[in-house]
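Structure assessment
The chain contents come next:
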Amino acid sequence: MTEFIARPAETRRAEIRAKAAAMGVDEAYIATLVETFYGRIRAHPLLGPIFEEVIGDNWARHLGTMKDFWASVAFNAGRYSGKPVPAHKKLAAVEPWHFTIWLALFRQTLEDTAPSPAAVLFFMERAERIAQSLQLAMFGLPELRREER
Ligand code: HEM
């Protein structure tokens, strides 16, 4: 039955940090990723206005939240304690195809800035998974949507 005993959280955290270090991902890279990506988001003709409407003068706070978020994903920094689902569910202007643009901008940003090919895959995999779960919460399963029956 020993296989069911969870490894100590500290061991797991150390493994996650070692994996990030091997990919060249550190706090400085998280800052570069977040600042470059949201610079591009703000400049995008379709996504920019959606963000500006909600974030307004609070970009410094949003960038801080997003650095905490990605640091928590990449090396279990434990600094992010927000709730992404309600934050996105209230965005009435967002449609599924906006996520396609978001993910393409994120991929391009990674390809332009990431310290290693492994880092591109690492962040992209997680972004795609989170984008899927946000879309499920926001729009439901496509096959259950009334207008598509
Ligand atoms: C079209 C796609 C997306 C749009 C338009 C969008 C827009 C936004 C906006 C406007 C906010 C600020 C909400 C507020 O301050 O009240 C926000 C917050 C956030 N977004 Fe997105 N987002 C998108 C996709 C994603 C994806 C794919 C991820 C993760 C991979 C993500 C992660 C987050 C996180 C962690 C927050 C902070 C939530 C909090 O704790 O307040 N977003 N997003």
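Residues numbered from 1 in each chain as written. Predicted model: local features only at pLDDT ≥ 70, side-chain atom pairs only at ≥ 80, totals over all residues.

1. Some remarks on the overall build of the protein
Worth spelling out the cut-off: Each helix is a run of DSSP H or I of at least 4 residues and each strand a run of E of at least 2, with the numbering of both proceeding from the N terminus. Counting other C-beta atoms within 10 Å of its own, a residue is labelled buried from 20 upward, exposed at 12 or fewer, and partly exposed in the gap between, with every C-beta atom placed from the backbone. The contact criterion used is a C-beta to C-beta distance within 7 Å, with each C-beta placed from the backbone.
Secondary structure summary: the protein contains seven helices and zero strands in total. Beginning at the N terminus, the succession of helices and strands in the protein can be written as α-α-α-α-α-α-α. The buried share of the protein, reckoned over its 149 residues, is 11%. Considering only contacts in the protein between residues 6 or more positions apart, those separated by 24 or more positions represent 76%.

2. Comments concerning the nonpolar core
Just so we agree on the cut-off: Any set of buried Ala, Val, Leu, Ile, Met, Phe, Trp, Tyr and Cys residues joined through C-beta atoms within 7 Å is what this text calls a nonpolar core.
Counting 15 residues, the largest nonpolar core has Val25, Ile30, Leu33, Val34, Trp70, Ala71 and Ala74 as the members making the most contacts within it. Counting only elements with at least two residues in this core, the list comes to helix 2 (27–43), helix 4 (59–75) and helix 7 (117–139).

3. A few points about the environment of leucine 103
Here leucine 103 shows up in helix 6 (residues 96–113). On a C-alpha basis, the gap between leucine 103 and threonine 32 in space is 17 Å, while along the polypeptide they are 71 residues apart. In this view, leucine 103 contacts Ala127, Glu128 and Ala131; residues no more than four positions away in its chain are not counted.

4. Brief notes about the site of the ligand
Heads up, the condition is: Each residue receives a C-beta atom placed from its backbone. It is near a molecule or strand if this atom lies within 6 Å of it. Classes in brief: Ala, Val, Leu, Ile, Met, Phe, Trp, Tyr, Cys and Pro nonpolar; Asp, Glu, Lys and Arg charged; the others, Gly included, polar.
Near the ligand there are 22 residues, and of these Gly82, Ala87, His98, Ile130 and Ala131 occur at the shortest range. Mapped by element, the contributors of at least two residues to the shell around the ligand are helix 3 (47–55), helix 4, helix 5 (84–89), helix 6 and helix 7. With five residues, helix 3 is the largest single contributor of residues to the shell around the ligand. Looking at the shell around the ligand, its residues break down into 16 nonpolar, five polar and one charged.

5. Let's talk about the environment of valine 120
Tracing the sequence through the fold places valine 120 in helix 7. In the structure, valine 120 is positioned 78 residues away from arginine 42 in sequence and 22 Å away in space, judged by C-alpha atoms. For valine 120, the contacting residues outside a window of four places in its chain are Leu110, Glu111 and Ala114.

6. Considering the packing of helix 2 against helix 6
The description of two packed helices rests on the angle between their axes and on the distance between the axes. Our working rule: Each axis is a line fitted through C-alpha atoms, taken for helices only over the stretch in contact, and angles between the N-to-C directions span 0 to 180 degrees. Geometric relationships in this document are graded by angle, where less than 35 degrees denotes roughly parallel, more than 145 denotes roughly antiparallel, 65 to 115 denotes roughly perpendicular, and other angles denote oblique. The handedness criterion is simple: a crossing whose near helix is rotated anticlockwise from the far helix by less than a right angle is left-handed, and one whose near helix is rotated clockwise is right-handed.
The interhelical angle for the contact between helix 2 and helix 6, taken along N-to-C directions, is 135°, at an axis separation of 10 Å. When the interaxial angle is binned, helix 2 and helix 6 end up oblique. Crossing of helix 2 against helix 6: the hand is right-handed. Along its contact with helix 2, which presents Thr32, Leu33, Thr36, Phe37, Arg40 and Ile41, the element helix 6 presents Leu105, Phe106, Thr109 and Thr113. Its residues assigned to classes, the contact of helix 2 with helix 6 shows five nonpolar, four polar and one charged.

7. Details of the environment of phenylalanine 51
Within the fold, phenylalanine 51 resides in helix 3. Looking at phenylalanine 51, the number of C-beta atoms within 10 Å reads 16, which means it is partly exposed. With 41 residues separating them in the primary sequence, phenylalanine 51 and glutamate 10 have C-alpha atoms 37 Å apart. Other than its neighbours up to four places away in sequence, phenylalanine 51 contacts Ile41 and Arg42.

8. A word on the packing of helix 2 against helix 4
Running from N to C, helix 2 and helix 4 cross one another at 130°; their axes reach a closest spacing of 9 Å. Relative to helix 4, the element helix 2 is oriented oblique. With respect to the hand of their crossing, helix 2 and helix 4 are arranged in right-handed fashion. Each of Glu27, Ile30, Ala31, Leu33, Val34, Glu35 and Tyr38 in helix 2 lies in contact with helix 4, whose residues at this interface are Leu63, Met66, Lys67, Trp70, Ala71 and Ala74. Class assignment of the residues belonging to the contact of helix 2 with helix 4 gives a composition of 10 nonpolar, no polar and three charged.

Any functional reading would require information that these geometric values do not contain.
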